Amino acid sequence: MGLFWSKPQPPPEAPLEPTQLAVVHLTNVCNLRCVFCLERADRGGPQQPDLAEVRASLRGLRETGATDVVFMGAETLLRQDALDVIRLARELGFERIRAATNGTPLARTGYLQRLADAGLNAIELSIHGATAEIADRIAGVPHTFVRQAKALDALAATAGIAVTVNMVICRENAAALPEIAAYVRQKLGPARPIQFKFIFTHLLGCAWEQARDAGPLRYADVDFLALADRLEVAREDFFIDNAPLCRLGRHTSRSLKLKSFAGDETYLDRAADANTYLSTGFQLSGQVWPTQPCGACTLRPLCQGVEHQYLRLAGRAELHASTRPAIGVLQEALQLHGHNPRHAKARLAALALEPRPAGVVSPLRVGFVRLTHPQVREPLELRIEATQPDKPCFKRTPRFDVAYRPWNEGNATDNLQVRAALEHAVAVLTAADAAGASVENARAQVAAQVGEGWSGAAG
Ligand code: SF4
């Protein structure tokens, strides 16, 4: 089944146009208490930008060229001024205006139509159960199922709204996912295009606490293949998120992150930092690719890896290195998502340069220089500081010490590329010392002059 809203497709030989998706966080307030919640206003206090701040955010995002905006929450439609926010996005020229919602505010008669009249033309609706027992248990609030059913009825009766159904996969619904999709289909009718997103629970917030105390839902507890087979037979449009590619079998191209990687999607998310926007790399924060088995996996450049919290609790036994050529998988994904498969080679080359670390990469601290190389799995972190005779180090110049952080991949100097980087760094440092550079300046010189295919950043 095709998408309700789709961007115009380029002619076959046109270069792949990167896609920019603007994300604006409207509130952390919610009326539900879902078991896997990432946002809990009752823990950190309510946070909500006012309309002027939302306007400034939207303006900035439009200036980058974004035409597609999604409003995120907690529950976006609890805002009293939700209609004003939607109108604002339309006035500023956004073409696709989406709101993420748990659906319960849409149970109010006529509210969805008013949102549509204001300019809303797409909705990301969270539905987690096809029965009151499951839906209410997950939401932690009675009558959730009844109110969401009314929201689905309102959607069925309202034209012009594209529908994405987000389903977080958790213990409570893992065995009922095809039935939930069938329930939504039955409520919206056979002709309404729907995009289903099945999201394996992210181990953050409440989900992390629950998994830490009671053990996580495992990849192996979810029959991704049977789910995908059922939806494919039903000719539904669907994606699976937060599951490594090796768990998706012949449905690998249904990975939501692979869709993003293939289409060069950038998420312009200003809330995280007032001055910068986040790129596709943001989608990989907190993800890791354990040396075994990912080091030998042909799909590593295309794979979103494993949440490090999941790896901590569940280990890597469920992962299996693939031998499928990445180029073929990427071609398949490009084709499935309406792009020209000829872009696969260029996209693969770009993706191969993205870091795929075996462990979590922490923020760069003052005093360190981080060196990365596309063919070396783990970044190399050098501590460069004024000489301290009692402190062990790798090399010492008259005024500076250089040391490298313990390296998970073994002795750093056993790796020829790493050894070359270390020797080069020492040579730069020695020259900087002789020229009278300050320690800050010496670090900057090492980061800038590392060479040999390495890139550097100084903390
Ligand atoms: S890179 Fe690792 S997690 Fe990803 S598909 Fe390969 S083995 Fe699985």
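Just so it is clear, the model here is predicted, and its values are computed rather than measured.

Cut-off values and rules
- Residues numbered from 1 in each chain as written.
- Predicted model: local features only at pLDDT ≥ 70, side-chain atom pairs only at ≥ 80, totals over all residues.
- Helix = DSSP H or I, 4+ residues; strand = E, 2+ residues; numbered from the N terminus.
- Contact = placed C-beta atoms within 7 Å.
- Near = placed C-beta within 6 Å.
- Nonpolar A, V, L, I, M, F, W, Y, C, P; charged D, E, K, R; others polar.
- Axes fitted to C-alpha atoms, helices over the stretch in contact; angles between N-to-C directions.
- Parallel < 35°, antiparallel > 145°, perpendicular 65-115°, else oblique.
- Core = buried A, V, L, I, M, F, W, Y, C linked by C-beta atoms within 7 Å.
- Buried ≥ 20, exposed ≤ 12 C-beta atoms within 10 Å, placed from the backbone.
- Pairing = 2+ DSSP bridges.
- Right-handed = clockwise from strand over helix to strand, strands pointing away.
- Expected span 1.5 Å × (residues − 1).
- pLDDT = per-residue confidence, 0-100.
- Left-handed = near helix turned anticlockwise from the far one by under 90°.

J.: Just checking my understanding: could you explain the overall build of the protein chain for this structure?
T.: The helix and strand tally for the protein chain stands at 16 helices and 15 strands. Long-range pairs, those at least 24 residues apart, make up 69% of the contacts in the protein chain between residues at least 6 apart in sequence.

J.: What am I meant to see in the site of the ligand here?
T.: Looking at the ligand, there are 16 residues lining it, with Pro244, Cys246, Cys294, Cys297 and Cys303 nearest. A breakdown of the residues in the shell around the ligand according to their chemical character gives 12 nonpolar, three polar and one charged.

J.: Even after reading the chapter, I still don't get the packing of helix H6 (residues 144–157) against helix H7 (residues 177–188), so can you show me in this structure?
T.: Two numbers describe a pair of packed helices, the interaxial angle and the distance between the axes. The interhelical angle for the contact between H6 and H7, taken along N-to-C directions, is 45°, at an axis separation of 8 Å. Relative to H7, the element H6 lies oblique. Across the interface between the two elements, Ala149, Leu152, Asp153, Leu155 and Ala156 of H6 pack against Val184, Lys187 and Leu188 of H7. For the contact of H6 with H7, a count of residues per class yields six nonpolar, no polar and two charged.

J.: Which parts of the structure should I look at to understand the nonpolar core?
T.: The nonpolar side chains of a soluble globular protein tend to be buried with one another. Among the nonpolar cores identified, the biggest contains 93 residues, and Val69, Met167 and Leu302 are the most heavily contacted of them. Those residues within four positions of Val69 in sequence are excluded, and the remaining contacts are Ala22, Val24, Leu58, Leu61, Ala89, Phe94, Ile97 and Arg98. By size, the runner-up hydrophobic cluster in this structure holds 22 residues, among which are Ile384, Val418, Leu422 and Val428.

J.: Help me understand the pairing of strand E4 (residues 122–126), please; the structure alone is not making it clear to me.
T.: Looking along a regular strand, one sees side chains alternate from face to face of the sheet. Note: strand E3 (residues 96–101) against E4, four bridges, orientation parallel. Each bridged residue has a counterpart across the sheet, and for Ala100 the counterpart in E4 is Glu124. Taken together, E3, helix H4 (residues 111–118) and E4 form a β-α-β motif whose crossover is right-handed. As paired elements, E4 and strand E5 (residues 162–169) share five bridges and run parallel to each other. Paired with Leu125 across the strands is Val165, a residue of E5.

J.: Honestly, the pairing of strand E14 (residues 400–404) in this entry has me stumped. Any pointers?
T.: Most of E14 is tucked away: four of the five residues are buried. Bridge analysis of strand E13 (residues 395–396) against E14 gives two bridges, and the strand direction is antiparallel. In the strand pairing of E14, Lys395 is matched with Val402.

J.: Before we go on, may I ask you to explain H6 in this structure?
T.: Residue pairs spaced three or four apart in an α-helix point in one direction, given the helix's 3.6 residues per turn. For H6, spanning 14 residues, the distance from its first C-alpha to its last is 20 Å, which sits close to the expected 20 Å at 1.5 Å a residue. For H6, the full list of buried residues reads Thr144, Phe145, Arg147, Gln148, Ala151, Leu152, Ala154 and Leu155. If you follow the buried residues of H6, they end up packed against H4, E4, helix H5 (132–139), E5 and H7.

J.: I'm lost on the confidence of the model for the protein chain in this one. Help?
T.: When pLDDT is low, close inspection of the predicted coordinates is not appropriate. Predicted confidence across the protein chain gives a mean pLDDT of 88, with 89% of residues reaching 70 or more. H7 holds the highest mean pLDDT among the elements of the protein chain, 98, whereas helix H1 (residues 41–44) holds the lowest, 54.

J.: Whenever I open this one, the packing of helix H2 (residues 51–63) against helix H3 (residues 82–91) confuses me. Can you help?
T.: As a packed pair, H2 and H3 sit with axes 10 Å apart at the nearest point and diverge in direction by 25°. Considering the angle they form, H2 stands roughly parallel to H3. Crossing geometry of H2 relative to H3 is assigned as right-handed. For the pair formed by H2 and H3, the contact residues are Leu51, Val54, Arg55 and Leu58 on the first element and Asp84, Val85, Leu88 and Ala89 on the second. Here the residues of the contact of H2 with H3 sort into six nonpolar, no polar and two charged.

J.: Would you explain the environment of Leu319 in this entry?
T.: Topologically, Leu319 is positioned in the loop between helix H12 (308–314) and helix H13 (326–336). A sequence separation of 99 residues divides Leu319 from Ala220, and the C-alpha atoms of the two residues are 9.9 Å apart. Apart from residues lying up to four places away in sequence, Leu319 is in contact with Pro244, Cys246, Pro293, Cys294 and Val306.

J.: For this particular structure, what's the right way to read unusual backbone geometry?
T.: Negative phi values dominate among residues other than glycine, just as trans dominates among peptide bonds. Backbone torsion omega between Gln292 and Pro293 reads 5°, so that peptide bond is classified as cis. When you line up the elements, Pro293 lands in helix H11 (residues 291–294). Phi angles above zero are rare outside glycine, and His143 is one such case at about 70°. Mapped onto the secondary structure, His143 falls in the loop between H5 and H6. His143 sits in the partly exposed class, given 13 other C-beta atoms within 10 Å. Backbone geometry places Arg235, a non-glycine residue, at a positive phi of 60°.

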